[in-house]
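# Understanding the architecture of this molecule
Okay, here's what each chain looks like letter by letter:
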Amino acid sequence: QVQLAESGGGLVQPGGSLRLSCGVSGSILSIDVMGWYRQAPGKQRELVAHITRRANLTNYSDIVKGRFTISRDNAENTVYLQMNSLKPEDTAVYYCYANLMPVGRFAYLDYWGQGTQVTVSS
């Protein structure tokens, strides 16, 4: 059973910082792309950033580029999102995502975490 568990969300003032973490556990052969999406109330889920296993290539939404940094620790099957200069419009539930090959399945599949709330407010 593969599980993704996020942590690090919370309440922060505008201009502040938070660091999200997401650990992947279970019987896994390989993890390819890992990333973060977010969903604000009344809006569709949107990509925040993702990072590949090979060469750690990254891609960011224009909305967060220059403020957020994604990174990963392949030995720990963990992906991080450092969020700086947070704005009220960054308020959303942040979901971790991994494209991975579970043991016994010869294909890469998408897995999601439960989400962690980030609220930016004074």
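For the structure itself, look to the data block above.
This text gives an overview of the structure that appears in the document. (Residues numbered from 1 in each chain as written. Predicted model: local features only at pLDDT ≥ 70, side-chain atom pairs only at ≥ 80, totals over all residues. Heavy atoms only, no water.)

### Points about the state of the cysteines
- On inspection of all chains with the given rule, the structure shows one disulfide.
- Bridging Cys 22 to Cys 96, the disulfide has an S-S length of 2.0 Å. The sign of the S-S torsion, about -85 degrees, decides the handedness of the disulfide formed by Cys 22 and Cys 96: left-handed. Note that Cys 22 is positioned in strand 3 (residues 18-25) and Cys 96 in strand 9 (residues 92-102), a separation of 74 residues in sequence. As far as the burial class goes, Cys 22 and Cys 96 line up, both buried. (Disulfide = S-S within 2.5 Å. Helix = DSSP H or I, 4+ residues; strand = E, 2+ residues; numbered from the N terminus. Buried < 20%, exposed > 50% of the residue type's maximum accessible area, 1.4 Å probe, protein only.)

### Brief notes about the sheet that holds strand 7 (residues 68-73)
- What the four strands build is an open sheet, ordered 1-3-8-7; its pairing is antiparallel. What marks the edges here is a single partner per strand, and that holds for strand 1 (3-7) and strand 7. Across the sheet, the mean angle separating the axes of adjacent strands is 15 degrees when strand polarity is ignored.
- Where strand 7 and strand 8 (residues 78-83) come together, six bridges link them in antiparallel fashion. Within strand 8, the position partnered with Ile 70 by the bridge is Leu 81. (Pairing = 2+ DSSP bridges. Axes fitted to C-alpha atoms, helices over the stretch in contact; angles between N-to-C directions.)

### Brief notes about the environment of Gly 113
- Secondary-structure assignment places Gly 113 in the loop between strand 10 (109-112) and strand 11 (116-120).
- We classify Gly 113 as buried; its relative accessible area is 11%.
- Along the primary structure Gly 113 and Tyr 97 are separated by 16 residues, whereas in three dimensions their C-alpha atoms are 6.5 Å apart.
- The contact partners of Gly 113, leaving out residues within four places of it in the chain, are Leu 4, Glu 6, Tyr 95 and Cys 96. (Contact = heavy atoms within 4.5 Å.)

### Here we look at the pairing of strand 3
- Direction of pairing for strand 1 relative to strand 3: antiparallel, over a ladder of five bridges. Residue pairing for strand 3: Gln 3 is matched across the bridge by Ser 25.

### Observations concerning unusual backbone geometry
- Here the phi dihedral of Ala 55 falls at roughly 70 degrees; this positive angle occurs in a residue that is not glycine.
- On the secondary structure map, Ala 55 appears in the loop between strand 5 (46-51) and strand 6 (58-60).
- The phi angle at Asn 56 is positive, at roughly 50 degrees, despite the residue not being glycine.

### Thoughts on the pattern of salt bridges
- Evaluation of the coordinates by the stated rule reveals four salt bridges.
- With a shortest N-O distance of 2.7 Å, Arg 38 and Glu 46 are connected by a salt bridge.
- Take Arg 38: its relative accessible area is 5%, and that puts it in the buried class.
- A salt bridge links Asp 90 to Arg 38; its shortest N-O distance comes to 2.9 Å. Taken together, the positions of Asp 90 in the loop between strand 8 and strand 9 and Arg 38 in strand 4 (residues 28-39) put the pair 52 residues apart, joining distant regions of the chain. For the pair Asp 90 and Arg 38, one class covers both residues: buried. (Salt bridge = Lys/Arg side-chain N within 4 Å of Asp/Glu carboxyl O.)

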